[in-house]
Amino acid sequence: MKRLKDIPPAFNLYDKIGVMDFAIFENAGGTEQEIVAAIPQTLRHARTFDEARLRALGCRPIDRRAFFGDWYDLESGTLLKAGSYRTADGSVLHNPKLTRLDGVEIMSGATPIPEAGAGGQFAYAFSNSVFGFEGKPSEFQSFFEEIRDFILPEGERSEILDWASPNLPDVSDYFTDGMEWWGVFLFSIHVPKLRQLTIIAGSTTD
């Protein structure tokens, strides 16, 4: 198993404007040993990592619906701006799709934040941690799809494990900041046919 270097350009752009960390490996069997060895390679700027503690906390398999969470419409494959919002023309939008927000001026609204360490909610973590994206909401959707389709290819069987826990700061100091409010996220995705393993981690504060 080795880290994949040839990845879509969207990952490099996200690395500049987002806070989630991705590490993708090829020739991976998807074993727990491989996953646990790959996770610390993903935790950018981490000073500590306790493998025994991570194994003790364990993980749980989840499906795509739980992985993407409340900020995503699984049937259409579209990101949502979760919450209720009032627009400049007086309309009230509830969980609008990003693809329908081009040219819409939102005046006020509230966004729900998942409980830190509760698990799932990749779409929230991906889209609510991006700073400096200058395109339209529909362009952000296309940007998201490029990453989504690489880590979870359509039509391929995948094994998604959620390693999130409120106790992840005991595993690594990487996760300390996220427990303040934004959240902590740790996923592994293995695509057996492609022998591809993706580790996704996230933790940040304001």
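One can find the structure itself at the top, above this paragraph.
A short tour of the structure in this document, coming up. What you are looking at is a predicted structure, and each value in this text was computed from that prediction instead of being measured.

## A short note on the overall build of the protein
- Across its full length, the protein carries six helices and eleven strands.
- The C-alpha radius of gyration of the protein comes to 17 Å, within 12% of the 17 Å expected for a compact globule of 206 residues.
- Judged by the C-alpha coordinates and their principal axes, the protein covers about 55 × 35 × 30 Å.
- Counting every position in the protein, which comprises 206 residues, the buried fraction comes to 45%.
- Counted over contacts in the protein with a minimum sequence separation of 6, partners at least 24 positions apart contribute 66%.

## Some points on the sheet that holds strand E2 (residues 21-26)
- Taken together, the six strands give an open sheet; going across it, the order is E1-E2-E11-E10-E9-E3, and neighbouring strands pair in antiparallel fashion. Only two strands of the sheet have a single neighbouring strand rather than two, namely strand E1 (2-3) and strand E3 (60-62).
- Bridge analysis of strand E9 (residues 159-162) against strand E10 (residues 184-191) gives four bridges, and the strand direction is antiparallel. Looking across to E10, one finds that Glu159 is bridged to His190.
- Helix-sheet contacts for helix H2 (residues 32-42) involve E1, E2, E9, E10 and strand E11 (196-203), and the interaxial angle to E11 is about 45°.
- Across the sheet, helix H6 (residues 137-151) touches E2, E10 and E11, and the angle it forms with E11 is around 130°.

## Comments concerning the packing of aromatic side chains
- By the definition in use, this model includes 27 aromatic pairs.
- When the centroid spacing of 5.7 Å and the interplanar angle of 85° are considered together, the rings of Tyr14 and Phe22 count as edge-to-face.
- Ring geometry for Trp71 against Tyr124: centres 5.2 Å apart, planes inclined by 65°, an arrangement best described as edge-to-face. In this pair, Trp71 sits in the loop between helix H4 (64-68) and strand E4 (72-73) while Tyr124 sits in helix H5 (residues 122-127), placing the two residues 53 residues apart along the sequence.
- Residue Tyr124 is classed as buried on the basis of its relative accessible area, which comes to 0%.

## Quick look at the pairing of E11
- With eight of eight residues buried, E11 lies mostly within the body of the structure.
- Both faces of E11 are covered, namely the face carrying Gln196, Thr198, Ile200 and Gly202 and the face carrying Leu197, Ile199, Ala201 and Ser203.
- Bridge analysis of E2 against E11 gives five bridges, and the strand direction is antiparallel. Note that in E11 the partner of Ile24 across the bridge is Thr198.
- Linking two consecutive strands that pair antiparallel, namely E10 and E11, is a turn of four residues; a positive phi of about 55° is found at Arg195 within it.

## What to know about the pattern of salt bridges
- Going through the model one piece at a time under the given rule, you end up with eleven salt bridges.
- For the salt bridge of Arg157 with Glu159, the shortest nitrogen-to-oxygen distance reads 3.1 Å.
- Since its relative accessible area comes to 32%, Glu159 is described here as partly exposed.
- Here the residues in one salt-bridge network are Asp15, Asp21 and Arg44, joined through shared partners.

## Quick word on the sheet that holds strand E7 (residues 92-94)
- Sheet architecture is open: three strands sit in the order E7-E6-E8, paired in antiparallel fashion. Here the strands that pair on one side only, and so sit at the sheet edges, are E7 and strand E8 (106-110). Along the sheet, successive strands turn relative to each other by an average axial angle of 20°, direction set aside.
- With four bridges joining them, strand E6 (residues 84-87) and E8 adopt antiparallel strand pairing. Along E8, the bridge assignment pairs Thr87 with Ile106.

Rules used in this analysis
- Residues numbered from 1 in each chain as written.
- Predicted model: local features only at pLDDT ≥ 70, side-chain atom pairs only at ≥ 80, totals over all residues.
- Heavy atoms only, no water.
- Helix = DSSP H or I, 4+ residues; strand = E, 2+ residues; numbered from the N terminus.
- Rg over C-alpha atoms; globule rule 2.2 N^0.38 Å.
- Buried < 20%, exposed > 50% of the residue type's maximum accessible area, 1.4 Å probe, protein only.
- Contact = heavy atoms within 4.5 Å.
- Pairing = 2+ DSSP bridges.
- Axes fitted to C-alpha atoms, helices over the stretch in contact; angles between N-to-C directions.
- Phe/Tyr/Trp six-rings, centres within 6.5 Å; stacked < 30°, edge-to-face > 60°.
- Salt bridge = Lys/Arg side-chain N within 4 Å of Asp/Glu carboxyl O.

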